[in-house]
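# A structural walkthrough
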Amino acid sequence: MTPVTGRERAAAQAYLRLLESTQAVLADPRLEPYAAAMLTHPMAEADAALRDAGLAGNEAHLLRLVAALRASPATERGRSA
């Protein structure tokens, strides 16, 4: 795999934040009615980061980056690499 650029890393991190936010909102039935409002910012952030990194429409590459980011030892210790 080629080295990950800063923009690609930012896109993968934004995607993970969106995923985690979505899971948190949908896990609490009381928050479900507010899901759209609560997820507007994380969705916009992820969309912008994906476009900026040239990953919009390239889900396969994005998911490889996300998998690599999650497997990173620095990520496991709560730090970005």
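That block above? That's the structure.
These remarks concern the structure in this document. Computed from a predicted structure; not experimentally measured.

Conventions and cut-offs
- Sequence order as written defines residue numbering, which begins from 1 separately in each chain.
- Two thresholds apply to this predicted model, a pLDDT of at least 70 for residue-level local features and 80 or more for giving and counting side-chain atom pairs, whereas whole-chain, interface and lining totals are computed over all residues.
- The side-chain quantities take in all heavy atoms of the structure and omit both hydrogens and water.
- Put simply, DSSP H or I for four residues or longer makes a helix, DSSP E for two residues or longer makes a strand, and each gets a number counted from the N terminus.
- An expected span of 1.5 Å times one less than the residue number is assigned to each helix.
- Using a 1.4 Å probe on the protein chains alone, a residue whose accessible area is under 20% of its type maximum counts as buried, one over 50% counts as exposed, and one in between counts as partly exposed.
- The arc in question is traced by the directions running from the helix axis to the C-beta atoms.
- The charged-residue count follows a simple rule in which Lys and Arg add positive charge and Asp and Glu add negative charge, with His and chain termini not counted at all.
- Salt-bridge detection follows one rule: a side-chain nitrogen of Lys or Arg within 4 Å of a carboxyl oxygen of Asp or Glu.
- Whether two residues are in contact is decided by their heavy atoms, any of which lying within 4.5 Å being enough.
- In this description, a line fitted to the C-alpha atoms serves as the axis of each element, helices being fitted only across the stretch in contact, and the angle between N-to-C directions of two axes falls anywhere from 0 to 180 degrees.
- Roughly parallel means an angle under 35 degrees; roughly antiparallel means over 145; roughly perpendicular covers 65 to 115; every other angle is labelled oblique.
- Residue classes follow a fixed rule: Ala, Val, Leu, Ile, Met, Phe, Trp, Tyr, Cys and Pro count as nonpolar, while Asp, Glu, Lys and Arg count as charged, and any other residue, Gly among them, counts as polar.
- By definition, turning the near helix anticlockwise from the far helix through less than a right angle yields a left-handed crossing, and turning it clockwise yields a right-handed one.

## Some remarks on helix α3 (residues 59-71)
In this model α3 runs 18 Å from its N-terminal to its C-terminal C-alpha over 13 residues, within 8% of the 18 Å that 1.5 Å per residue would give. Every buried residue of α3 is listed here: His61, Leu62, Leu65, Val66 and Leu69. One side of α3 carries all its buried residues, which in axial view fall inside an arc of 140 degrees.

## Quick look at the side chain of Glu8
Relative to the helices and strands, Glu8 is located in helix α1 (residues 6-27). Despite its burial, Glu8 pairs with no opposite charge, the nearest such side chain being Arg9 at 8.4 Å. Apart from the residues lying within four places of it in its own chain, the contact partners of Glu8 are Pro3, Ala53, Leu55, His61 and Leu65.

## A few points about the packing of α1 against α3
Packed helix pairs are characterised by how far apart their axes lie and by the angle those axes make with each other. Remark: α1 packs on α3, axes separated minimally by 9 Å, with the N-to-C direction vectors making an angle of 85 degrees. The angle between the axes of α1 and α3 places the two elements in the roughly perpendicular class. Along the contact surface, α1 presents Glu8, Arg9, Ala11, Ala12, Gln13, Tyr15, Leu16, Leu19 and Glu20, while α3 presents His61, Leu62, Leu63, Leu65, Val66, Leu69 and Arg70. Here the residues of the contact of α1 with α3 sort into ten nonpolar, two polar and four charged.

## As for the packing of α1 against helix α2 (residues 35-52)
Running from N to C, α1 and α2 cross one another at 165 degrees; their axes reach a closest spacing of 8 Å. On the basis of their axis angle, the class for α1 and α2 is roughly antiparallel. The hand of the α1/α2 crossing is left-handed. Across the interface between the two elements, Arg7, Ala10, Ala11, Ala14, Tyr15, Arg17, Leu18, Ser21, Thr22, Val25 and Leu26 from α1 touch Ala35, Met38, Leu39, Pro42, Met43, Glu45, Ala46, Ala49, Leu50 and Asp52 from α2.

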